[in-house]
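In case you want the letters, here they are:
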Amino acid sequence: MLRTMKHLTGGVAMAAALVLGLGGAAQAKTELTMYYPVAVGGPLTKIVDGLVADFEKENQDIKVNAIYAGNYNDARIKALAALKSGNPAQLSVMFSIDIYELIEQGAIVAFDDIVETAEEKAWLKKFYPALMENGITQGKTWGIPFQRSTIVMYYNKDAFRDAGLDPDSPPATWGDLVSAGKKLTKADGSRWGMMIPSTGYPYWMFGALTKQNGQTLMHGDGNKTYFDAPATVEALQFWKDLGNKYAVMPKGTIEWGTLRQNFLEGKTAIMWHSTGNLTTVKKKAKFDFGVAMLPAKKSRGTPTGGGNFYIFKKTSPAERKAALTFIRWMTAPERTALWSKQTGYIGTRPDAYQTTILKDYVVEFPPAAVARDQLDFATAELSTYQTGRVRKLLDDAIQAALTGSKSPGDALGSAQKQADRLLKRYR
Amino acid sequence: MNHVYGWLLLLPAAVFLLAFTHYPTVATLMQSFFSESTALRPSVFVGLENYELLAEDEIFWKVLNNNLWYAAGTIPTSIAIAILMAIWVNRRLPGRGLVRMAYFTPTILPMIAVANIWLFFYTPEIGLFDQIGAVFGMPSQNWLGDPDLVLGSLIVMTIWKEAGFFMIFYLAALQSLPPELEEAAHLEGAGRWYFFWRVTFPLLMPTTLFVMINAVINSFKMVDHLFILTKGGPDNASSLLLYYIFEVAFSFFDESYAATLTVVLLVLLAVIAVGQFVLMDKRIHYR
């Protein structure tokens, strides 16, 4: 009996403490939950936790629970599941190309509907326009760039010297690329001129080739694709020719996951890859390597990639305000500069490169500036309504052409037809 | 009273079975008759429309075809190898424990880890197979990037992974066979092959049935390696049914079509399992 009594009093005391504690917190603090993905290696979760802790120190009235949610796909699945369960997050970092999916699910709110003051409105215009392309549709801004990357060309300077090429002038046009590739390729198969990965994210690499040929892959409203445009077909033909006609690249598809190892072991003199690999290549390359912008046909070009901040619709005005405060704090020039230096992601706004942190870093490590300079030629990553299906149509078409089971024209033609069928109801 | 007691004992297990097996199965079947749901377009009853879509879906047929080849490629070979290995390590040989362990090792490795290792085996130029081939002057092959080779490459890896697992069952079965049989056969002058074919193999049939059913189910449910090795590519040449279901559900967010595909997979597995029981039961000697 005595024991039961003890238990009871203990329980009551605890409950009272809980109620009091909660009451106190609710008065003062707005609590935010944020999911974020990590798509590249490195101690990114630690960096994010550190940033959040700093933010909470400066903003005592806001508490942020930052939850690591796996890769981009996982983060989207978790955020949408939380939304359905009625216990949603208030903001999240998700794939920039998820925008149409999130709008269609009625999950997110446009930043234009949250910003109020002139200063806040001006903030929306502070970022590189190329990085905003994946965040703007229907005349509104839905995503704010955070962890963003592009494709760059890594090349082995020792191999260039060995082949009698100038290591300080990497190929700048498609023609240069082919002729350099021919000199770099060894007849015995011990070294290829170049490799462009065609598994994992073929549509992303292809976005670079089409942009270089003066063509984008889709309309900004996300309801029309240009897969069968002549310039698109020409770009795929060129990709295929690199292997089949000019023989400077292996035939068939090239694996995304092992390409970096191929480059590090000297099996290919040039690779196209995400800027996200820069830190690893810098650490592991036993040879002199360079990083350059992708070459041009009509112009230079690359798609952007990576994650944006989104704010969810199921939020109170106070939560939206707090989320905006947090996002603005996270994307301030100083923080952006630090984030870029620590991770290898691009500084998302021009004034970040005016900070001493990035000014010094660019001098110390010039490749860090290549991705920034290339932003002038960048375009949006492929993103439409029904984006998963449309992307797969293009991926399959690219692989069918590269492995020779269809001609580039046929493969892209049928992909376009099927994409039209999917997207018709969004026009 | 005894009845109530019995049912009460069964209740916990029954609840879990109902909640996590039977209810989802029925819910999946129901959902396959409804259209995809988004916030703007709520789901509506569409009857058999999803099944009509499926009949026209080229990728579905390709993936199903792949899966049948994958099953045909992995099951008989891994069973044959499993029997061979079991007979081998059932004999008295030096270091028997070590050899048994070595054969069993692939089984205990997680599929994701295996795939990550084999990814580098299969890599052109720098991969293990190409480097071995180069010693004998063979040209480099793009194992995972060539639509004609990719499924075969996956089959080889799966056999390597599975055979050791099946070996354990055969080893247990072999050890339960009475040694008198072999002595009697020896006295009668039966050769080794004759003894295996007429005595050992028929006596192993119950094990073979069990292993076959497991192998068939595995060949439809093991897709972990695809996430690492090929993502179903190039151009769906290595995609399997369950991987396609995953893509439809979590990349396309079309839960209804994914449910339709799942129903097809369930029916397929049920038919195969029943077929195996009915056909093979007649040929099995249970002692």
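No experiment lies behind these values; they were computed from the predicted model shown.

A.B. asks: Help me out: how do you make sense of the overall build of chain B in this one?
C.D. replies: In terms of helices and strands, chain B carries 13 helices and zero strands. By its C-alpha atoms, chain B is 80 × 75 × 30 Å across when sized along the principal axes. Of all 287 residues assigned to chain B, the portion counted as buried reaches 41%. Counted over contacts in chain B with a minimum sequence separation of 6, partners at least 24 positions apart contribute 68%. Surface exposure of chain B reaches about 16200 Å², of which carbon and sulfur atoms provide 71%. Computing the positive centroid from 14 side-chain charges and the negative centroid from 21, chain B places the two 16 Å apart.

A.B. asks: Would you mind going over the overall build of chain A with me for this structure?
C.D. replies: Scanning chain A from terminus to terminus reveals 18 helices and twelve strands. The C-alpha atoms of chain A give a radius of gyration of 24 Å, which matches the 22 Å a tight globule of 427 residues would have. Overall, the C-alpha framework of chain A stretches about 90 × 55 × 50 Å when taken along its three principal axes. Burial statistics for chain A: of 427 residues in total, 57% are counted as buried. For chain A, the accessible area works out to roughly 17500 Å², and carbon and sulfur atoms hold 54% of it. In chain A, which carries 53 positive and 41 negative side-chain charges, the distance between the mean positions of the two groups comes to 4 Å.

A.B. asks: Sorry, what's going on with the domain arrangement of chain A here?
C.D. replies: Often, the extent of an interface is quoted as the loss of accessible area on bringing the components together. Residues and elements named next belong to chain A. Split into domains, chain A comes out as domain 1 (2–148 + 305–363) and domain 2 (150–304 + 379–426). Computed over C-alpha atoms only, the centres of domain 1 and domain 2 are separated by 33 Å. If you look at the interface, domain 1 gives 22 residues, while domain 2 gives 22 residues. A buried area of about 1600 Å², summed over both sides, lies between domain 1 and domain 2, and 47% of it is on carbon and sulfur atoms. Between the two partners, domain 1 and domain 2, sit zero salt bridges.

A.B. asks: Honestly, a nonpolar patch on the surface in this entry has me stumped. Any pointers?
C.D. replies: Nonpolar side chains collect at one region of the surface, where B:L128, B:I132, B:V135, B:F136 and B:M138 lie side by side and expose about 560 Å² of accessible area between them. Structurally, B:L128 can be placed in helix α6 (residues 128–135).

A.B. asks: Help me understand the pattern of salt bridges, please; the structure alone is not making it clear to me.
C.D. replies: Pairing is possible between side chains of opposite charge, provided their charged atoms come close. Residue and element names in this part refer to chain A. All told, the structure shown has 17 salt bridges over all chains when counted by the stated rule. In this structure, the salt-bridge partner of D351 is R349, at a minimum N-O distance of 2.8 Å. The exposure class assigned to D351 is partly exposed, which follows from its relative accessible area of 26%.

A.B. asks: Teacher, can you tell me more about unusual backbone geometry here?
C.D. replies: Most of the time, phi is negative for any residue but glycine, and the peptide bond is trans. The phi dihedral of A:Q386 is positive, around 55 degrees, even though this residue is not glycine. Relative to the assigned elements, A:Q386 resides in the loop between β12 (378–379) and α17 (387–402). Residue A:Q386 is classed as buried on the basis of its relative accessible area of 8%. With a phi angle near 55 degrees, B:F253 is a residue other than glycine that sits in the positive phi range.

A.B. asks: Help me out: how do you make sense of the interface of chain B and chain A in this one?
C.D. replies: On the chain A side, the residues contacting the 32 residues of chain B number 33 residues. Counting each side, the surface lost to burial between chain B and chain A is near 2700 Å², with a carbon and sulfur contribution of 52%. The largest per-residue losses of area from chain B upon contact with chain A belong to B:E125, B:D235 and B:F253, which jointly make up 22% of the total buried on that side. Taken together, chain B and chain A are joined by two salt bridges. For A:R389, the salt bridge is made with B:D254, and the minimal N-O distance between the two is 3.1 Å. Run the count over chain B and chain A and you get eight residue pairs in polar contact (both at pLDDT 80 or more).

A.B. asks: So what exactly am I meant to see when it comes to helix α3 (residues 58–90) of chain B here?
C.D. replies: Three- or four-residue spacings in an α-helix give side chains the same orientation, since the helix completes a turn every 3.6 residues. A rise of 1.5 Å per residue sets the reference length of α3(B), with its 33 residues, at 48 Å; its end C-alpha atoms lie 48 Å apart and thus fit the reference within 8%. For α3(B), the side-chain oxygen to backbone nitrogen distance between the N-cap and B:I59 is 3.0 Å, and the N-cap itself is B:D57.

A.B. asks: Explain the confidence of the model for chain B here, please?
C.D. replies: Atom-level detail of predicted coordinates should not be read off regions where pLDDT is low. The predicted model of chain B averages 89 in pLDDT, with 98% of residues at 70 or higher. Confidence metrics for the complex model read pTM 0.84 and ipTM 0.78.

A.B. asks: What's the story with helix α15 (residues 356–364) of chain A in this structure? I'm lost.
C.D. replies: Residues and elements named next belong to chain A. Within α15, burial applies to L358, Y361 and V362. One side of α15 holds all its buried residues, which, seen down the axis, span an arc of 100 degrees. Seen from the open side of α15, the exposed residues pointing more than 90 degrees away from its buried face are T356, V363 and E364.

A.B. asks: Got a minute to help me understand the packing of aromatic side chains in this structure?
C.D. replies: Any pair of aromatic rings gets described here by the distance separating the centres and the angle formed by the planes. All names here are of chain A. Tallying each qualifying case throughout the model produces 42 aromatic pairs over all chains. Seen from their ring centres, Y72 and F95 are 4.3 Å apart, and the 10 degrees between their planes marks the pair as stacked. With a gap of 23 residues between them, Y72 in helix α3 (residues 72–84) and F95 in strand β3 (residues 91–95) connect regions that are remote in the sequence. Assigned by exposure class, Y72 and F95 land together as buried. A ring pair is formed by F146 and F309, whose centres lie 4.7 Å apart and whose planes are at 40 degrees; its orientation type is tilted. One end of the pair, F146, is in strand β7 (residues 144–156); the other, F309, is in strand β11 (residues 302–312), with 163 residues separating them in the sequence. Classification of F146 as buried rests on a relative accessible area of 7%. Owing to a relative accessible area of 0%, F309 belongs among the buried residues under this scheme. By the ring-pair criterion, three or more aromatic residues cluster together here, those being F55, F146, F309, F326, W329, W339 and Y345. The ring of F365 is capped by K282, whose NZ or CZ atom sits 4.1 Å from the centre of that ring. Stacked on the ring of W329, the Lys or Arg R335 has its end atom at 3.7 Å from the ring centre.

A.B. asks: In this structure, what is going on with the packing of helix α10 (residues 230–244) of chain A against helix α18 (residues 408–423) of chain A? I would like to understand it.
C.D. replies: How two helices sit against one another is set out by the angle between their axes and by the gap between those axes. Residue and element names in this part refer to chain A. The interhelical angle for the contact between α10 and α18, taken along N-to-C directions, is 135 degrees, at an axis separation of 9 Å. Considering the angle they form, α10 stands oblique to α18. As α10 runs across α18, the sense of the crossing is right-handed. The residues of α18 that touch α10, namely those facing T232, V233, L236, Q237 and K240, are P408, G409 and L412. Each residue belonging to the contact of α10 with α18 can be placed in one class, and the counts come to four nonpolar, three polar and one charged.

A.B. asks: I tried to follow the packing of helix α9 (residues 202–212) of chain A against α17(A) on my own but got confused; where do I start?
C.D. replies: Residues and elements named next belong to chain A. Closest axis-to-axis distance for the α9/α17 pair is 9 Å, and the angle between their directions is 75 degrees. In terms of their interaxial angle, α9 and α17 are classed as roughly perpendicular. Across the interface between the two elements, P202, Y203 and F206 from α9 touch R391, L394, D395, I398 and Q399 from α17.

A.B. asks: What is the right way to read the side chain of A:T275 from this model?
C.D. replies: Residues and elements named next belong to chain A. Note that T275 resides in the loop between β9 (268–274) and α12 (278–284). Since its relative accessible area comes to 4%, T275 is described here as buried. If we ignore the near neighbours within four places in the chain, the residues touching T275 are S149, T150, V152, Y154, G344 and A371.

A.B. asks: Please clarify how the nonpolar core should be interpreted in this entry.
C.D. replies: It is characteristic of soluble globular proteins that their nonpolar side chains tend to be buried jointly. With 142 residues, the main nonpolar core has A:F206, A:W239, A:W272, A:F309 and A:F326 as its most contacted residues. Excluding its chain neighbours within four sequence positions, the residues that come into contact with A:W239 are A:I196, A:P197, A:S198, A:P202, A:M205, A:F206, A:L209, A:M249, A:I398 and A:L402. With 38 residues, the next largest nonpolar core counts B:V89, B:L174, B:V264 and B:L265 among its residues.

What counts, and at which threshold
Residues numbered from 1 in each chain as written. Chains lettered and ligands numbered in written order. Predicted model: local features only at pLDDT ≥ 70, side-chain atom pairs only at ≥ 80, totals over all residues. Heavy atoms only, no water. Helix = DSSP H or I, 4+ residues; strand = E, 2+ residues; numbered from the N terminus. Buried < 20%, exposed > 50% of the residue type's maximum accessible area, 1.4 Å probe, protein only. Contact = heavy atoms within 4.5 Å. Areas by Shrake-Rupley, 256 points an atom, 1.4 Å probe, with all protein chains shown as cover. Lys, Arg positive; Asp, Glu negative; His and termini not counted. Charge placed at Lys NZ, Arg CZ, Asp CG, Glu CD. Rg over C-alpha atoms; globule rule 2.2 N^0.38 Å. Domains from an automatic or database assignment. Buried area = accessible area lost by both parts, 1.4 Å probe. Salt bridge = Lys/Arg side-chain N within 4 Å of Asp/Glu carboxyl O. Patch = residues over 30% accessible without salt bridge, like charges linked within 9 Å, V, L, I, M, F, W, Y side chains within 5 Å. Polar contact = N/O pair within 3.5 Å; in protein donor to acceptor, adjacent residues only side chain to side chain. Expected span 1.5 Å × (residues − 1). pLDDT = per-residue confidence, 0-100. Arc of directions from axis to C-beta. Phe/Tyr/Trp six-rings, centres within 6.5 Å; stacked < 30°, edge-to-face > 60°. Lys NZ or Arg CZ within 6 Å of the ring centre and 35° of its normal. Axes fitted to C-alpha atoms, helices over the stretch in contact; angles between N-to-C directions. Parallel < 35°, antiparallel > 145°, perpendicular 65-115°, else oblique. Left-handed = near helix turned anticlockwise from the far one by under 90°. Nonpolar A, V, L, I, M, F, W, Y, C, P; charged D, E, K, R; others polar. Core = buried A, V, L, I, M, F, W, Y, C linked by side-chain atoms within 4.5 Å.

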